[in-house]
Amino acid sequence: MTLALPDRWVWDFWFAHDGDDVHVFYLQAPRSLGDPELRHHNATVGHAVSRDLRTWTVLPDALGPGPDGDFDSLATWTGCVLRHDGEWHMFYTGVSTAEGGAVQRVGRATSPDLVTWTKHGMVLEADPRWYERLHDGVREEAWRDPWVWHEPTTGRFHMLLTARADHGPLDGRGVIGHAVSDDLRTWEAAAPVSEPGDFYHLEVPQLVHLGGAWRVAFCLTAAEHSTARQARPGFVAEGGTHLLTGPGPLGPFRLDDEHFLLGDATASLYAGRFVEHRGEWYLLAWEHVDPDGGFGGRISDPMPVSVDEQGVIRVTRPS
């Protein structure tokens, strides 16, 4: 495994390119907690840098929880980084002690150098016009894992998120949420760019243009397929990373292949991220289940990505 820390579990991660350097930001929590399930409420954002996607130098942590009363007072979760007008912007998920971590919101931080970060507070929460809010039938208010990009023709910024629709069977409300901004500071939620029905949620979305089409990578475990999806002929209970495909960067996005891009029964490699490096595409994921059946908590080696003549994307999984 490329990035394995002796004293910390590592899981969801995202990249930023700065010249020849590839920076990775990742969720981390102390292994001394003992139970990996405790990591979520003890998560901070770590940081490392590499020039080959294999050898990483750990840098000072990027973000930690805010003070009591802040939207991120309990933990900081998955996000993304982009550069605009000479400044780096990180959008990340925050959960608070006031709600026991059950309500997710998005915050923004900025940096001149990818090392020193300044928080600017919450920028977005789930909008009940389209999205499910916390209620007795669910364990959380899903509004997390922001992925932000700049649309050059309009000058607007768009955000994709892990979200849930406000209608339909509870086990199939997962959608890719959407929000827009003119300045990265003020955001407005918009309708989702995918339809509910198949999944409980679609975690850690990433927009890429690959194989001649726009794709949204997402992940879930084998237990998070809806009852309706499980009833279809040929259903395979697998988890890991898969793709939605759409005609443009704002979708609408749909499945075009039932079988996961990188999946198995235990979702052993999870939350894959595409990265282009020196003209080649790779997928990295974090180890959810190690070879002994335990929790891995480390980031994989880069796996080569290929596209055949029909535009089918394939990942060469480590042997």
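Residues numbered from 1 in each chain as written. Predicted model: local features only at pLDDT ≥ 70, side-chain atom pairs only at ≥ 80, totals over all residues. Heavy atoms only, no water.

1. Regarding the overall build of the protein
Regarding its fold elements, the protein presents 1 helix and 20 strands. Reported as C-alpha extents along the three principal axes, the dimensions of the protein are approximately 50 × 50 × 45 Å. Each of the 319 residues in the protein was classed as buried or not, and the buried ones make up 55%. In the protein, once contacts between residues fewer than 6 apart in sequence are set aside, the share between residues at least 24 apart is 51%. Carbon and sulfur atoms provide 50% of the accessible area of the protein, an area that totals close to 13,200 Å². Once the 26 positive and 46 negative side-chain charges of the protein are each reduced to a mean point, those two points are 1 Å apart. (Helix = DSSP H or I, 4+ residues; strand = E, 2+ residues; numbered from the N terminus. Buried < 20%, exposed > 50% of the residue type's maximum accessible area, 1.4 Å probe, protein only. Contact = heavy atoms within 4.5 Å. Areas by Shrake-Rupley, 256 points an atom, 1.4 Å probe, with all protein chains shown as cover. Lys, Arg positive; Asp, Glu negative; His and termini not counted. Charge placed at Lys NZ, Arg CZ, Asp CG, Glu CD.)

2. Re the environment of Trp147
Relative to the elements of secondary structure, Trp147 occurs in strand E9 (residues 143-151). Expressed as a C-alpha distance, the spacing of Trp147 and Ala48, which sit 99 residues apart in the sequence, is 20 Å. For Trp147, the contacting residues outside a window of four places in its chain are Cys80, His158, Met159, Leu160, Pro205, Gln206, Leu207 and Arg273.

3. A closer look at the sheet that holds strand E14 (residues 213-220)
Spatial strand order, E13-E14-E15-E16: 4 strands in an open sheet with antiparallel pairing. Two strands lie at the open edges of the sheet, namely strand E13 (203-210) and strand E16 (262-264), each paired on one side alone. Each neighbouring strand pair of the sheet contributes to a mean axis angle of 30°, computed without reference to strand direction. Pairing of strand E15 (residues 239-246) with E16 involves 3 bridges; the strand directions are antiparallel. (Pairing = 2+ DSSP bridges. Axes fitted to C-alpha atoms, helices over the stretch in contact; angles between N-to-C directions.)

4. Some details on the packing of aromatic side chains
All chains considered together, the criterion is met by 14 aromatic pairs. Between Phe71 and Tyr92, the ring centres sit 5.9 Å apart and the planes meet at 40°, which makes this aromatic pair tilted. Of this pair, Phe71 sits in the loop between strand E4 (57-63) and strand E5 (75-84) while Tyr92 sits in strand E6 (residues 87-95); the two residues are 21 residues apart in sequence, bridging distant segments of the chain. Note on accessibility: Phe71 and Tyr92 belong to one class, buried. Relative to Phe295, the ring of Trp286 has its centre 5.7 Å away and its plane inclined at 55°; by these criteria the two rings are tilted. Given a relative accessible area of 2%, Trp286 falls into the buried group. Residue placement shows Arg39 over the ring face of Trp11; its charged tip is 4.9 Å from the ring centre. Lying across the ring of Tyr200, Arg164 places its NZ or CZ 4.1 Å from the centre. (Phe/Tyr/Trp six-rings, centres within 6.5 Å; stacked < 30°, edge-to-face > 60°. Lys NZ or Arg CZ within 6 Å of the ring centre and 35° of its normal.)

5. A word on the sheet that holds strand E10 (residues 156-164)
Spatial ordering of the open sheet is given by E9-E10-E11-E12, a layout of 4 strands whose pairing is antiparallel. The open sheet has two edge strands with one neighbour each: E9 and strand E12 (187-190). Neighbour-to-neighbour, the strand axes of this sheet turn through a mean angle of 30°, independent of strand direction. Bridge count between E9 and E10: 7 bridges; the pairing is antiparallel. Counterpart to Trp149 in the pairing with E10 is His158.

6. Some words on the pairing of strand E7 (residues 105-111)
By the criterion of burial, E7 is predominantly enclosed, with 7 of the 7 residues buried. Both faces of E7 are covered, namely the face carrying Arg105, Gly107, Ala109 and Ser111 and the face carrying Val106, Arg108 and Thr110. As paired elements, E6 and E7 share 7 bridges and run antiparallel to each other. Directly across from Trp88, in E7, lies its bridge partner Ser111. Two elements, E7 and strand E8 (residues 118-124), share 4 bridges in a ladder whose sense is antiparallel. Bridged to Gly107 within E8 is Met122.

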